[in-house]
Amino acid sequence: MKKHKVYLIAGLVLVAVLMLTVILYHAIPERQLDEPAVTAAQTTRSDETTVDEESTTVDDATTEPDTTEDETTVAVTTAQTTTRAPQQAGWVYPFNFPGVYPVMAYIPMGDAFYLILVNRHNALPDHFTRNHLDLVPAVPGSAQRLHRTAARYFHQMYQAGRAAGVVLTPLSGYRDTAHQNRNFTNRIARYRNEGHDHATAVDMATRWIKPPRCSEHETGLAMDIGQISMNFSNTAAYRWLLQNAHNFGWILRYPPNSIQYTYVNYEPWHWRFVGVENARAIRESGLVLEHWLRQR
Ligand SMILES: [Zn+2]
């Protein structure tokens, strides 16, 4: 009889412990249980993106292979998606995308304007579009427009390319915020259709298309040239640009293996006007605009 009682008590204790375990497991806030899963998903995504980017990377003599690229990209990406940039007093980014919390871009005066930094962390304010746009056709007769000075230098570059036997077709210059917003939300919709959740779709989209107000195309200082395809990197026009664009004030804005600074994949077609002196200095430095601005 005594032995049975001992077994009964031991059994009850065991059941109680099991029940307590189950209750405690469910009592932990959902957030804590979810976090490791989300981080793992982000890491996987980053890996995939990096592989995509590197598989499309072509020979570029100015870029050394970087074996630590994968780790760096993953670490920075995770930090970006979890860190909210502080909003400036009196200014709020007027769009609502998870993980996109830019501050207001600083707008330099005079010729320094050509060095304006616009990316997913630095967005153009309302007063930019009202006060700073001075647009003309990139080359006479083109529907693509650029800031007046950028257009003058683009035209010179276009003619020099022509003389050297390459055609630098201006595909996409200035885009207004509504246009940029359409491009961005269309890309998000595409990733959502592929089964990704909203936050993931937004993060994936930012690697190819900048959120509205966060695109250099909205400044009139950027031009997509030739063809919007990785194939452009295999063309004579691209090779000519790499050798000559800086002499006309233009830089390759998103070179291979620079996503940790630019937050954007390699885009051989996207060129940015910064002024001749700056373009030469940036090319000489081997740095991307974000990095170069911090070091000067
Ligand atoms: Zn572009």
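Given the structure is predicted, the values throughout are model-derived calculations rather than measurements.

Okay, the nonpolar core next. A general feature of soluble globular proteins is that nonpolar side chains tend to end up buried together. If you look at the biggest cluster of nonpolar residues, it comprises 33 residues, and the most contacted ones within it are Phe 154, Met 157, Trp 250, Ile 251 and Trp 271. Mapped onto this core, the elements with two or more residues apiece are helix H5 (148-163), strand S6 (222-225), helix H8 (236-244), strand S7 (250-252), strand S8 (270-273), helix H10 (276-285) and helix H11 (289-295). The element best represented in this core is H5, accounting for 6 residues. Excluding residues that lie within four positions of it along the chain, Ile 251 makes contacts with Ala 245, His 246, Trp 271, Arg 272, Val 274, Ala 279, Ile 282 and Arg 283.

Glancing now at the confidence of the model for the protein chain. Counting all residues, the mean pLDDT for the protein chain is 79, and 70% of those residues have values of 70 or more. Of the regions scoring below 50 in pLDDT, residues 21-86 engages in 46 contacts with residues more than four places distant in sequence or in other chains.

Burial runs high along helix H7 (residues 198-206): 7 of the 9 residues are buried. Turning to H7, its buried residues number three or more, namely Thr 200, Ala 201, Val 202, Asp 203, Met 204, Ala 205 and Thr 206.

Take the packing of helix H6 (residues 177-193) against H7 next. Running from amino to carboxyl end, H6 crosses H7 at an angle of 125°, the nearest separation of the two axes being 8 Å. Between H6 and H7, the crossing angle belongs to the class labelled oblique. Remark: the crossing between H6 and H7 carries right-handed chirality. From H6, Phe 184, Arg 187, Ile 188, Tyr 191 and Arg 192 reach across to H7, where they touch His 198, Ala 201, Val 202, Met 204 and Ala 205. Within the contact of H6 with H7, the residues separate by chemical class into 7 nonpolar, 1 polar and 2 charged.

As a further point, take H5. Over its 16 residues, H5 extends 23 Å from the first C-alpha to the last, a length consistent with the 22 Å expected when each residue adds 1.5 Å. Every buried residue of H5 is listed here: Ala 150, Ala 151, Tyr 153, Phe 154, Met 157, Tyr 158 and Gly 161. End-on, the buried residues of H5 take up no more than an arc of 165°, which puts them together on one face. Exposed and oriented more than 90 degrees from the buried face of H5 are Arg 148, Arg 162 and Ala 163. Phi for Gly 165, located one or two positions after H5, is positive at around 90°.

Glancing now at the environment of Tyr 266. Of note, Tyr 266 is situated in the loop between helix H9 (259-262) and S8. Judged by the 23 C-beta atoms lying within 10 Å of it, Tyr 266 is buried.

This part covers the pairing of S8. Side chains His 270 and Arg 272 of S8 all project onto a buried face; the interleaved residues Trp 271 and Phe 273 project onto the opposite face, where all are buried too. Where S6 and S8 come together, 3 bridges link them in antiparallel fashion. Bridged to Met 223 within S8 is Trp 271. Bridge count for S7 against S8 is 3 bridges, and the pairing is antiparallel. The residue bridging Trp 250 from the neighbouring strand is Phe 273, located in S8.

This part covers the sheet that holds S8. The sheet built from 4 strands is open, its strands ordered S5-S6-S8-S7 with antiparallel pairing. Of all strands in the sheet, those bounded by a partner on one side alone are strand S5 (170-172) and S7. Here the average twist between neighbouring strands, direction ignored, is 45°. Pairing analysis gives 2 bridges linking S5 to S6, with the strands arranged antiparallel. Considered in S6, the bridge of Pro 170 is made with Ile 225.

Here the focus is the environment of Leu 135. Looking at where Leu 135 falls in the secondary structure, it is placed in strand S3 (residues 135-137). By C-beta crowding, Leu 135 is classed as partly exposed, having 15 other C-beta atoms within 10 Å. Between the C-alpha atoms of Leu 135 and Gly 220, which are 85 residues apart in sequence, the distance is 6.9 Å. Not counting residues within four places of it along the chain, the set of residues in contact with Leu 135 comprises Arg 145, Leu 146, His 147, Tyr 174 and Gly 220.

Calculation criteria
- Residues numbered from 1 in each chain as written.
- Predicted model: local features only at pLDDT ≥ 70, side-chain atom pairs only at ≥ 80, totals over all residues.
- Core = buried A, V, L, I, M, F, W, Y, C linked by C-beta atoms within 7 Å.
- Buried ≥ 20, exposed ≤ 12 C-beta atoms within 10 Å, placed from the backbone.
- Helix = DSSP H or I, 4+ residues; strand = E, 2+ residues; numbered from the N terminus.
- Contact = placed C-beta atoms within 7 Å.
- pLDDT = per-residue confidence, 0-100.
- Axes fitted to C-alpha atoms, helices over the stretch in contact; angles between N-to-C directions.
- Parallel < 35°, antiparallel > 145°, perpendicular 65-115°, else oblique.
- Left-handed = near helix turned anticlockwise from the far one by under 90°.
- Nonpolar A, V, L, I, M, F, W, Y, C, P; charged D, E, K, R; others polar.
- Expected span 1.5 Å × (residues − 1).
- Arc of directions from axis to C-beta.
- Pairing = 2+ DSSP bridges.

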